[in-house]
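# Breakdown of the fold
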Amino acid sequence: LLNEPMGALTTEAANPIYQKTLGAIRAIDPKRIIVVSPGLWGQIGELDQLRLPDADDRLVVTVHCYAPFHFTHQGAGWVGLQDLRGIRYPGPPPQPYQIPAALRDNTSVCAFIDGYNTLPGEQNPSSARVLREALDTARAWSDHFGRPIHLGEFGSHNIGDPASRGRYLHDVKTLAEARHIPWTLWEWKSSFGYWDPVKNQPIFHASLFE
């Protein structure tokens, strides 16, 4: 119905809109499969706020997962992280990462970098643990409510190094499939792309399909 509702269109605000819209669709098309997203850009953490008609069993709930955000969105100007570069997956880095001057007042970045620099293995905020926790939450919600769940977006910005990006994509794909969650990658050949439009070949085929 909507991709990544956000801002004033919170999950709570979207619920009555979904109810009314689903009712109108069902009046003319009772069998169509309809895909619904929670608010806050489709975040998994918003699933508990989502309210759907109990009697409608032709719904699929789609969520997006970009954890760990400071890895996947490093260099992304639209979220204010254009100066954050060089974050590896998984952490910690071989040498302590120095926070860029422009981000030293960003408490979220500072907290992430502190853990990124110091915490080992799966304690690290740039590790498979954060993915596992998110996908476990999605799977538990799906099982509890009997609703099919779909990972509709995941990926990482091309400012990250290709080896880290490949490891990340492989982990998301593997963890999702282990939980029987079908997935869709974001995206084809732009800044989060799977495909290299210059070389006309895939970048991450082995990470996702081998």
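Just above sits the structure.
Attention in this report is confined to the structure presented alongside it. (Residues numbered from 1 in each chain as written. Predicted model: local features only at pLDDT ≥ 70, side-chain atom pairs only at ≥ 80, totals over all residues. Heavy atoms only, no water.)

In this section: helix H6 (residues 162–178). Across its 17 residues, H6 extends 24 Å between first and last C-alpha, which sits within 8% of the 24 Å expected from 1.5 Å per residue. For H6, the set of buried residues is Ser164, Arg165, Gly166, Tyr168, Leu169, Val172, Lys173, Leu175 and Ala176. Looking at the buried residues of H6, the elements they touch are helix H3 (69–72), helix H5 (128–145), strand S3 (149–153) and helix H7 (205–209). Among the residues trailing H6, His180 stands out with phi positive, at a value near 55 degrees. (Helix = DSSP H or I, 4+ residues; strand = E, 2+ residues; numbered from the N terminus. Expected span 1.5 Å × (residues − 1). Buried < 20%, exposed > 50% of the residue type's maximum accessible area, 1.4 Å probe, protein only. Contact = heavy atoms within 4.5 Å.)

Further remarks concern unusual backbone geometry. The step from Ala67 to Pro68 runs through a cis peptide bond, and the omega angle for that step is -10 degrees. With an omega of -5 degrees, the peptide bond between Tyr89 and Pro90 qualifies as cis. Checked against the element boundaries, Pro90 lands in the loop between H3 and helix H4 (107–118). Phi at Glu4 is positive, roughly 50 degrees, even though this residue is not glycine. When you line up the elements, Glu4 lands in the segment before helix H1 (11–28). Since its relative accessible area comes to 22%, Glu4 is described here as partly exposed. Backbone geometry places Trp41, a non-glycine residue, at a positive phi of 65 degrees. By secondary structure assignment, the location of Trp41 is in helix H2 (residues 39–42).

An order of S1-S2-S3 is seen for the three strands of this open sheet, with the pairing classed as parallel. Looking at which strands have only one partner, the edges of the open sheet turn out to be strand S1 (34–36) and S3. Between one strand axis and the next, the sheet turns by 40 degrees as a mean value, whatever way the strands run. Across the sheet, H1 is in contact with S1 and strand S2 (59–64); its angle to S1 comes to roughly 175 degrees. (Pairing = 2+ DSSP bridges. Axes fitted to C-alpha atoms, helices over the stretch in contact; angles between N-to-C directions.)

One finds Leu47, Leu84, Ile87, Ile113, Leu131, Ile149 and Leu151 to be the most contacted residues of the largest nonpolar core, which totals 45 residues. Elements that contribute at least two residues to this core include exactly H1, S1, S2, H4, H5, S3 and H6. In terms of residue count, the dominant contributor to this core is H5 (seven residues). Not counting the four nearest positions on each side in its chain, Ile113 is found in contact with Leu84, Ile87, Tyr97 and Ile99. (Core = buried A, V, L, I, M, F, W, Y, C linked by side-chain atoms within 4.5 Å.)

It is worth spelling out the side chain of Glu153 at this point. Of note, Glu153 is situated in strand S3. For the buried residue Glu153, which engages in no salt bridge, the nearest side chain bearing the opposite charge is Arg165, 13 Å off. Reaching out from Glu153, the side chain makes a polar contact with the side chain of Tyr66 at a distance of 2.5 Å. (Lys, Arg positive; Asp, Glu negative; His and termini not counted. Salt bridge = Lys/Arg side-chain N within 4 Å of Asp/Glu carboxyl O. Polar contact = N/O pair within 3.5 Å; in protein donor to acceptor, adjacent residues only side chain to side chain.)

Time to look at H1. Its 18 residues give H1 an end-to-end C-alpha distance of 25 Å, which sits within 8% of 26 Å, the value for a rise of 1.5 Å per residue. Residues of H1 that are buried sit in contact with S1, H2 and S2.

Okay, the packing of aromatic side chains next. Using the criterion set out here, one finds 13 aromatic pairs in the structure. Aromatic pair Phe71 and Tyr89: ring centres 5.7 Å apart, planes at 40 degrees, arrangement tilted. Of this pair, Phe71 sits in helix H3 while Tyr89 sits in the loop between H3 and H4, placing them 18 residues apart in sequence. Residues Phe71 and Tyr89 agree in their burial class; the two are buried. Judged by centre distance (6.2 Å) and plane angle (45 degrees), the rings of Trp78 and Phe192 are tilted. On the criterion of sequence distance, the pair formed by Trp78 in the loop between H3 and H4 and Phe192 in the loop between H6 and strand S4 (195–196) is long-range, its members being 114 residues apart. Among the residues examined, Trp78 registers a relative accessible area of 56% and is labelled exposed. Through successive ring pairs, a cluster of aromatic residues spans Phe154, Trp183, Trp188, Tyr194, Trp195 and Phe209. (Phe/Tyr/Trp six-rings, centres within 6.5 Å; stacked < 30°, edge-to-face > 60°.)

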